[in-house]
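Each chain, letter by letter, is given below.
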Amino acid sequence: MDLSPEAPLALTLAVLALLDGLSVGTLLIPVFLLLPAGRVRVKRILLYLGTITLFYLLVGLLFLWGLVNVVDVAADFFSSEPGRILRFVIGAALLVGSFLIPSAKKKEAALVGGGSPDTVREAAGPLAPGVPDAAEPVQGRIARWRDRLLDPTTPPLVVVGLAIAAGLVEVATMLPYIVAMTMLADAGIGIPLRVAALAGYCLLMIAPALLLLLLRVLAARAVEGPLRRLGAWLSRTGAENTAWIVGIVGFLIARGAAAELGLFSGIGTLFGTGGS
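Along each chain, residues carry numbers from 1 onward, in the same order as the chain's sequence is written. At least 70 in pLDDT is required for a residue's local features to be given in this predicted model, at least 80 for side-chain atom pairs to be given and counted, and no such filter applies to totals for whole chains, interfaces and linings, which use all residues. Only heavy atoms go into the side-chain values, all of them from the structure, while hydrogens and water stay out.

**Focus on the confidence of the model for the protein**
- Residue-level confidence of the predictor is summarised by pLDDT, bounded by 0 at the bottom and 100 at the top. Model confidence for the protein is summarised by a mean pLDDT of 74, while 64% of its residues fall at 70 or above.
- Per-element confidence in the protein is highest for helix α11 (residues 191-205), whose mean pLDDT is 92, and lowest for helix α7 (residues 117-124), whose mean pLDDT is 45.
- Confidence drops under pLDDT 50 across residues 116-139; counting only partners more than four residues distant or on other chains, this segment forms 7 contacts. Starting at the N terminus, helices and strands are each numbered in turn, a helix being any DSSP run of H or I of at least four residues and a strand any DSSP run of E of at least two. Whether two residues are in contact is decided by their heavy atoms, any of which lying within 4.5 Å being enough.

As structure tokens, this is what we get:
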């Protein structure tokens, strides 16, 4: 079951891994840990990234070894005509559904349309000095929690627990990862190559975070501002990122199924006939 019959398996897996690299656990939390000024706690961040990488590697191994027979049975169905049609419908539904995921802009527009008091306050601009903002205590607690997490006196197991918790919360919703594991289990390659591909996939998932960590260490002053803006953007556009990921995966699934169904050649033949 190829998402794109013309694209090599490695290229498709790389694209899916980079999409997974935009999740909360693989990018937002590492960026959050990189934000404090001063010396970067490299060991703590590497411990977090290493733990979440091992988590997804173990989950992938369980998937490959435990569900390979189920995938083989499912592959026979999805390779049939009804299965291809079902894949096309699922892909199209994901693509359309990505436009329906509520985003910050949509919520803001709804509030404006409804005349919410919060909208009026936002339109009026910043709060006057001395007026408390409900968001500030929350942000303060989060910052204090981050500082305790990065504190050398905090047991490393706390960082490990955070990474595992992030993985457990996200694994069922990381659609690119699930699709990639299904493709690996369905691929006509040996177990050693599957494991190597899975390990490369998990490492590529954390590549964006590792790159930001490297930049934070080597060029702290240059990247501190952009990192803060990136963290704010990721927090603000989490829904939009999810919508993009769902839409891209849906497009790949629908495109692969359409190619196997011969829809593209049929359209080409139709237009070719019409033009003659």
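**Considerations on the pattern of salt bridges**
- Salt bridge criterion: a side-chain nitrogen from Lys or Arg within 4 Å of a carboxyl oxygen from Asp or Glu. One pass over the full model with this rule turns up 3 salt bridges.
- Between Glu81 and Arg84 there is a salt bridge, and its shortest N-O distance comes to 3.9 Å. Of this pair, Glu81 and Arg84 both sit in helix α5 (residues 81-98), separated by 3 residues, roughly a single helical turn.
- Residue classification places Glu81 among the partly exposed residues on the basis of a relative accessible area of 46%. Here the term buried applies to any residue with accessible area under 20% of the maximum for its type, exposed to any over 50%, and partly exposed to those in between, with areas from a 1.4 Å probe on protein chains only.

**Remarks on a nonpolar patch on the surface**
- Any residue with relative accessible area above 30% and no salt bridge may belong to a patch, with like charges joined within 9 Å and the nonpolar Val, Leu, Ile, Met, Phe, Trp and Tyr side chains within 5 Å. Surface accessibility follows the Shrake-Rupley procedure with a 1.4 Å probe radius. Residue values consider only the protein chains on display as shielding. Together, Leu95, Val96, Phe99, Leu100 and Phe251 give the surface a local cluster of nonpolar side chains, amounting to about 540 Å² of exposed area.
- We classify Leu95 as partly exposed; its relative accessible area is 31%.

**Points about the packing of helix α2 (residues 24-34) against helix α9 (residues 156-170)**
- The axes are straight lines fitted to the C-alpha atoms, using for helices just the contacting stretch, and the angles between their N-to-C directions are given from 0 to 180°. The interhelical angle for the contact between α2 and α9, taken along N-to-C directions, is 140°, at an axis separation of 10 Å. Here α2 lies oblique to α9, going by the angle between them. Only Leu162, Ala166 and Glu170 of α9 make contact with α2, whose side of the interface consists of Val24, Gly25, Thr26 and Ile29.
- Three residue categories are used. Nonpolar comprises Ala, Val, Leu, Ile, Met, Phe, Trp, Tyr, Cys and Pro, charged comprises Asp, Glu, Lys and Arg, and polar comprises the others, including Gly. In the contact of α2 with α9, the residues fall into 4 nonpolar, 2 polar and 1 charged. Here the angle decides the label: under 35 degrees means roughly parallel, over 145 means roughly antiparallel, 65 to 115 means roughly perpendicular, and every other value means oblique.

**A short note on the side chain of Asp20**
- Relative to the assigned elements, Asp20 resides in helix α1 (residues 9-20).
- Of the side chains with opposite charge, Arg194 lies nearest to the buried Asp20, which makes no salt bridge, at 17 Å. The convention is simple: Lys and Arg are positive, Asp and Glu are negative, and His and the chain ends are not counted.

**Comments concerning the environment of Ile45**
- Topologically, Ile45 is positioned in helix α3 (residues 42-66).
- In this structure the C-alpha to C-alpha distance between Ile45 and Pro30, which are 15 residues apart in sequence, comes to 6.8 Å.
- Apart from the residues lying within four places of it in its own chain, the contact partners of Ile45 are Leu33, Leu34, Val40 and Leu213.

**Let's talk about the packing of α2 against helix α12 (residues 207-218)**
- Where α2 meets α12, the axes come as close as 9 Å, and the angle between the chain directions of the two elements is 15°. Classified by the angle between their axes, α2 and α12 sit roughly parallel to one another. For the pair α2 and α12, the sense of crossing is right-handed. Residues Thr26, Leu27, Pro30, Val31 and Leu34 of α2 pack against Pro208, Ala209, Leu212, Leu213 and Arg216 of α12.
- Considered class by class, the residues forming the contact of α2 with α12 number 8 nonpolar, 1 polar and 1 charged. Working rule for handedness: look at the near helix, and if it is turned counterclockwise from the far one by less than a right angle, call the crossing left-handed; if clockwise, right-handed.

**Let's talk about the nonpolar core**
- Grouping buried Ala, Val, Leu, Ile, Met, Phe, Trp, Tyr and Cys residues that are joined through side-chain atoms within 4.5 Å yields what is termed a nonpolar core. Counting 48 residues, the largest nonpolar core has Tyr48, Tyr56 and Tyr201 as the members making the most contacts within it.
- In terms of residues, this core owes the most to one element, α3, which gives 10 residues.
- Beyond its immediate chain neighbours, meaning those up to four positions away, Tyr201 contacts Leu13, Leu16, Ala17, Asp20, Pro176, Tyr177, Ala180 and Met181.

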